[in-house]
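# Summary of the model geometry
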Amino acid sequence: MEPLQSLRGMVDLLPEQTPVWQRIEATARQHFRRAGIAEIRTPLLEVTELFARGIGVATDVVGKEMYSFLDRGERHCTLRPEGTASVVRAAIQHGLLSQGAQRLWYGGPMFRYERPQAGRQRQFHQIGLEFLGLADPRSDAEAIAIAWDLLAGVGLAGLTLELNSLGSHDDRVRFRAALVGWLEERRDQLDPDSQQRLVSNPLRILDSKNPATQALLAEAPTLAAALAPESRERFERVQEALSRLEIPFVLNPRLVRGLDYYGHTAFEITSSQLGAQATVCGGGRYDTLVQQLGGPVTPAVGWALGMERLVLLAQAADGPASQAAPAPDLYVVSRGAAAEALALPLARRGRRAGLAVELDFSGAAFGKQFKRADRCGARWAAVIGEAEAAEGVVVLKDLRAKATADRRLTAEALLAWLRESGSA
RNA sequence: GCGGGCGUCGCCAAGUGGUUAAGGCAGUGGCUUGUGGCGCCACCAUUCGGGGGUUCGAGUCCCCUCGCUCGCCCCA
């Protein structure tokens, strides 16, 4: 029989990795709770049209990366490639938007059919934040600050916050025309990818990695120059707010987010330690999305951060040592039918009393069982052999001490003693 | 979707055409029918991701395929 494998790009998180994830998730929850942000959970599966309308049909995410299929009822379904569209859909569907501003967070798996590489899987995990109904430039800064502090809370340093303004819809239309006009005249100097994008998505040419294209772009009209006075002022307010929070940022005029719904503030938090996929967190303002999905006119800001990339950085930051599984308080060792019958009940009583208890079913030589007890880091061993079983007693052995005398106690006395000694 | 690298035991890893595939860790059994962390002994890949081919002979060469990985694209 050929053993089956997980699908390409679908990764198992084994027991030794799970603690890092839990730690990060706990940190995130804590930061959200302090900031008064409530969790929302939405389905992993949505109608395909939600993403087509929300993210934009012309984007790569929608065009070629979605896990889409027809269900038994002939509905077009898609495994969510990102979280924002679903959150907005849910907020509209349940009338959350008529109850005032919503400060929400979500977390969980997302799916994108791409070639896996460092920091990128087909099923990956994001934690995201969405502020719905907030227009104030300071809310952009607040959202960014929460991301920044959360990342710091996980213990990461050396991150860069890159900031840009994409302006209003009108600003972008104006700029796009200017940029396309200018680049058309120099089409032959563009790399093939960028030539393609001249028609499909001209703004994306700005963050081309091609050196020649970048050199050319240095002379090109800039987005910043195309911003209307109100847009520019708004962007300045965001920067002021960040400065007051003492959050350092770098203006990056080439920063263009990939999804259609972004306007005005756009930002990314990047790390130089991640290889090609440097972005840990990305987000921005999306004042038109809610309306586009059939809801009331509602300003919004949000971001998403990539768990896999965060885990990569956290592991690099605090090394592999912090991942040790928590050691049990008590390890139950038994040998002989009568004794073995008592082991599980004793373990359960211990657990009910609040102790972390593991037990050995092997019935192997005591030496073997002690070896295992020792390896798993248990503080104490409870030993039941033929004699103890007959006497209704348990031997408590201190695994940390070298030569402390063992104690012979009843089960009750043993558990009481452990509780008092502070092991629980 | 496109390019580069790689694929030998659960993990790490020798081996680069010649008869029998090192070693370490982990695991199992024992030295010690009932007391651990050390030590010692034994066991643990008829087989080198899979399938074809070349050859007297292949883990070692060729082709295909699958997987992993890094990069491009894109993005968190």
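Residues numbered from 1 in each chain as written. Chains lettered and ligands numbered in written order. Predicted model: local features only at pLDDT ≥ 70, side-chain atom pairs only at ≥ 80, totals over all residues. Heavy atoms only, no water.

Applying the stated criterion across every chain, the model contains eight aromatic pairs. On the basis of an interplanar angle of 25 degrees and a centroid distance of 6.2 Å, the ring pair of Phe32 and Trp303 is categorised as stacked. Linking Phe32 in helix H1 (residues 18-34) with Trp303 in strand S11 (residues 300-306), this pair joins segments that are 271 residues apart in sequence. By the burial criterion, Phe32 is buried, and Trp303 matches it. Within the aromatic cluster, the residues linked to one another by ring pairs are Phe32, Trp105 and Trp303. Arg103 extends its terminal NZ or CZ atom over the ring of Phe131, reaching a point 4.8 Å from the ring centre. (Phe/Tyr/Trp six-rings, centres within 6.5 Å; stacked < 30°, edge-to-face > 60°. Helix = DSSP H or I, 4+ residues; strand = E, 2+ residues; numbered from the N terminus. Buried < 20%, exposed > 50% of the residue type's maximum accessible area, 1.4 Å probe, protein only. Lys NZ or Arg CZ within 6 Å of the ring centre and 35° of its normal.)

What follows is about the domain arrangement of chain A. Each assigned domain of chain A is listed with its residue range as follows: domain 1 (18-168 + 228-320) and domain 2 (330-420). Placing a centre on the C-alpha atoms of domain 1 and another on those of domain 2 gives a separation of 50 Å. (Domains from an automatic or database assignment.)

Around RNA strand B there are 50 residues in total, and Arg112, Arg197, Arg204, Asp374 and Leu399 lie nearest to it. Here RNA strand B approaches the protein such that, of its atoms within 4 Å, sugar and phosphate make up 56%. The side chain of Arg120 places a nitrogen or oxygen atom 2.6 Å from a base nitrogen of RNA strand B. Between RNA strand B and Gly306 there is a distance of 3.2 Å, counted from a sugar or linking oxygen to a backbone nitrogen or oxygen. (Near = heavy atom within 4 Å. Polar contact = N/O pair within 3.5 Å; in protein donor to acceptor, adjacent residues only side chain to side chain.)

Further remarks concern the nonpolar core. Grouped together as the largest cluster of nonpolar side chains are 46 residues, with contacts concentrated most on Leu132 and Leu183. With five residues, helix H4 (residues 84-93) is the largest single contributor of residues to this core. Not counting chain neighbours up to four residues away, the residues in contact with Leu132 comprise Val88, Ala91, Leu97, Ala101, Gln102, Leu104, Tyr286, Thr298, Pro299 and Ala300. Counting residues in hydrophobic clusters, the runner-up holds 43 residues, among them Ile37, Ala147, Leu242 and Leu313. (Core = buried A, V, L, I, M, F, W, Y, C linked by side-chain atoms within 4.5 Å. Contact = heavy atoms within 4.5 Å.)

Summed over all chains, the structure comprises one cavity of 30 Å³ or more. For the lining of the largest cavity, the residue count by class is three nonpolar, three polar and two charged. (1 Å grid on protein atoms, 1.4 Å probe; cavity = no way out; pocket = protein on both sides within 12 Å on 5 of 7 lines; lining within 4 Å. Points joined across faces, edges and corners; volume = space filled by probe spheres on them. Nonpolar A, V, L, I, M, F, W, Y, C, P; charged D, E, K, R; others polar.)

All right, on to unusual backbone geometry then. Across residues other than glycine, the phi torsion is negative in most instances, and most of the peptide bonds are trans. A positive phi angle is found at Glu74, which is not glycine, with a value near 65 degrees. Structurally, Glu74 is set in the loop between strand S3 (67-70) and strand S4 (76-79). The exposure class of Glu74 is exposed, given its relative accessible area of 59%. With phi around 55 degrees, His264 is a residue other than glycine that occupies positive phi space. Mapping His264 onto the fold places it in strand S9 (residues 263-271). The class for His264 is buried, based on a relative accessible area of 15%.

In this structure the tally under the stated criterion is 21 salt bridges. In this structure, the salt-bridge partner of Arg89 is Glu46, at a minimum N-O distance of 2.5 Å. Placement of Arg89 in helix H4 and of Glu46 in strand S2 (residues 45-47) is noted, with a sequence separation of 43 residues between them. Residues Asp398 and Arg379 are paired through a salt bridge, measuring 3.0 Å at the closest nitrogen-oxygen approach. With Asp398 in strand S15 (residues 394-398) and Arg379 in the loop between helix H14 (366-375) and strand S14 (380-384), this residue pair connects regions lying 19 residues apart in the sequence. Taking the relative accessible area as the measure of exposure, Asp398 reaches 16% and is therefore buried. A network of salt bridges, in which partner residues are shared, links Asp140, Arg234, Arg285 and Asp287. (Salt bridge = Lys/Arg side-chain N within 4 Å of Asp/Glu carboxyl O.)

Residue placement: Gln121 occurs in the loop between strand S5 (102-111) and strand S6 (123-132). Its relative accessible area of 18% is what places Gln121 among the buried residues. In contact with Gln121, not counting residues within four places along its chain, are Gly9, Val11, Arg112 and Glu308.

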